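# Structure at a glance
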2 protein chains.
Amino acid sequence: MPAKRGGARSKRSDRTSLQPVQEQASEPPLSRDRIVATAVELLDAHGLDGLTMRRLADRLGAGVMSLYWHVDNKEDVLDLALDAVLDYRGPPQSDDPQDWRTEIVHMLEDWRASMLRHPWSTSLLPRRALGQNILSRLERMSKTLSRAGVADADLNAAIWSLWNYVMGATITRASFDVSDEDRAVAQQRLEQLSGPYPTIGRSRLLLDDDWDGAFRKGLGFLLDGLSPK
Amino acid sequence: MPAKRGGARSKRSDRTSLQPVQEQASEPPLSRDRIVATAVELLDAHGLDGLTMRRLADRLGAGVMSLYWHVDNKEDVLDLALDAVLDYRGPPQSDDPQDWRTEIVHMLEDWRASMLRHPWSTSLLPRRALGQNILSRLERMSKTLSRAGVADADLNAAIWSLWNYVMGATITRASFDVSDEDRAVAQQRLEQLSGPYPTIGRSRLLLDDDWDGAFRKGLGFLLDGLSPK
DNA sequence: ACCTGAACACCGTTCAAGT
DNA sequence: ACCTGAACACCGTTCAAGT
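These numbers come from a predicted model, not from an experiment.

### Quick look at the packing of aromatic side chains
Evaluation of the coordinates by the stated rule reveals 14 aromatic pairs over all chains. Here W160(A) and F176(B) contribute two aromatic rings whose centre-to-centre distance is 6.2 Å and whose plane-to-plane angle is 75°, an arrangement assigned as edge-to-face. Of this pair, W160(A) sits in helix 8 (residues 152-178) while F176(B) is found in helix 8 (residues 152-178), placing the two residues in two different chains. For W160(A), a relative accessible area of 9% corresponds to the buried category. Judged by its relative accessible area of 2%, F176(B) falls in the buried class. Between W160(A) and W211(B), the ring centres sit 6.4 Å apart and the planes meet at 40°, which makes this aromatic pair tilted. With W160(A) in helix 8 and W211(B) in helix 11 (residues 211-226), this residue pair bridges two chains. In this structure W211(B) comes out as buried when scored by relative accessible area, which is 16%. A network of ring pairs unites the aromatic residues W111(A), W160(A), W163(A), F176(B) and W211(B) as a single cluster. The residue whose ring lies beneath R112(A) is F215(A), and the NZ or CZ to ring-centre distance is 4.7 Å.

What follows is the structure in structure tokens.
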């Protein structure tokens, strides 16, 4: 068996030039947008390790080095892929103006959901965090809190505390999702021993899988704490 | 110049056997503990990318494959390195029993500090989170909150919310520390435009560098919110 | 029981060319 | 302007040996 890689790809198109050109078929030209879109596909399908420049090029039907015309390097691809996944369409358009708490909760739940739809994004954040999509989310939050009456002196701390909470919750959720067995094993060990860790063994801390409920409840605590009195 | 790698290491010891054997000099035998300790050194010095099995072996004066006798693979090394860095010695021993809030705050600040002393650990957490050091921290927190009067039904949510907060804050802090210029550039752009992001531009959100203060203040909000009424 | 080098199947990226 | 293959300097790990 010959050793050529990717030998399955046929050398020449089997459509003859008699047919009118059809947009959909055979590779469209390489472009930054196509590269990013395909990178997201690859990341969704195979995770962070699954994205290599070689595979990316392969899937685009191009040589590896062709990518480098459109993109600086692999880091660049990751930055672009992350940004592509984090836009916020805003709260549901309704006629009655919303409670500030409802608005904040909606925004943060959407934030979390966007990231969990692409779990690899949690490993990239917050390192590449200051793209415009993130900034506009922060701006929105700031405005809402300010309107709600949070003192200027408390504003930044309030924003960062919400940010910290969402980041921690989301990153945790994504990583524990990958290893549910680990969690179960750990909890089992806890309950058996019940010597060193009686309290969290009893409360079944590691088995509680109502992630969404826990997220909302904890967020409630935080919002209670930072509500203007 | 000959191409041999690591040619600087002399082939034979220059101490003769006339001298009594001294513990310190010339490589001690390979061991799991030595491997982990050296891995932590390497990680502290060069970050996550700086740790390769080849470099690790090199620094230990051994062949690469010798490591694999003591350790399963690179993942294993990372797990062990993380665990080695996360133990908690407990609150300062004092005679007056502490307020539960003081105790929680101390524990979480220590947690954060331990991780920030080894910034690479923030990229590894919380994926490898359920080692015994982490579990004992959770246990301690659980006990303290329970003693403080947090209702059983709220206990798990309270613990996870504190966990989320610490994780988010620490990971954020570590990653923004690396790229202070980025933050400054972003803030500058914000203030210049002042169109799209007027609120966070004005509040200097991205320039506020009192990280410790913000951490404590936000933690205060959260603790206010989950304090039993 | 402990350590080793050669070899395998990969990486990202530089470079000098092709059209 | 856009795309390419060959080559470089790396990776982690398998395997078959050595002591």
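Let's pick the thread back up.
### Focus on the protein's contact with DNA strand C
Near DNA strand C there are 17 residues, and of these R54(A), M65(A), Y68(A), S66(B) and H70(B) occur at the shortest range. Among the atoms of DNA strand C lying within 4 Å of the protein, the sugar-phosphate backbone contributes 49%. R54(A) is positioned such that a nitrogen or oxygen atom in its side chain is 2.4 Å from a base nitrogen of DNA strand C. Contacts to DNA strand C include H70(B), whose side-chain N or O atom sits 2.5 Å from a phosphate oxygen. Those elements that place two or more of their residues in the surface near DNA strand C are helix 2 (53-59) of chain A together with helix 3 (67-70) of chain B.

### Some points on the pattern of salt bridges
Applying the stated criterion across every chain yields a total of 16 salt bridges over all chains. Note that R59(A) is salt-bridged to E41(A), the shortest N-O span being 3.0 Å. Highlighted residues: R59(A) in helix 2 and E41(A) in helix 1 (residues 32-46), separated in sequence by 18 residues. For E41(A), a relative accessible area of 43% puts it in the partly exposed group. Its salt-bridge partner being R112(B), residue D212(B) comes within 3.2 Å of it at the nearest N-O pair. You can see D212(B) sitting in helix 11 and its partner R112(B) sitting in helix 5 (residues 100-117), a full 100 residues away along the chain.

How each quantity is defined
- Residues numbered from 1 in each chain as written.
- Chains lettered and ligands numbered in written order.
- Predicted model: local features only at pLDDT ≥ 70, side-chain atom pairs only at ≥ 80, totals over all residues.
- Heavy atoms only, no water.
- Phe/Tyr/Trp six-rings, centres within 6.5 Å; stacked < 30°, edge-to-face > 60°.
- Helix = DSSP H or I, 4+ residues; strand = E, 2+ residues; numbered from the N terminus.
- Buried < 20%, exposed > 50% of the residue type's maximum accessible area, 1.4 Å probe, protein only.
- Lys NZ or Arg CZ within 6 Å of the ring centre and 35° of its normal.
- Near = heavy atom within 4 Å.
- Polar contact = N/O pair within 3.5 Å; in protein donor to acceptor, adjacent residues only side chain to side chain.
- Salt bridge = Lys/Arg side-chain N within 4 Å of Asp/Glu carboxyl O.

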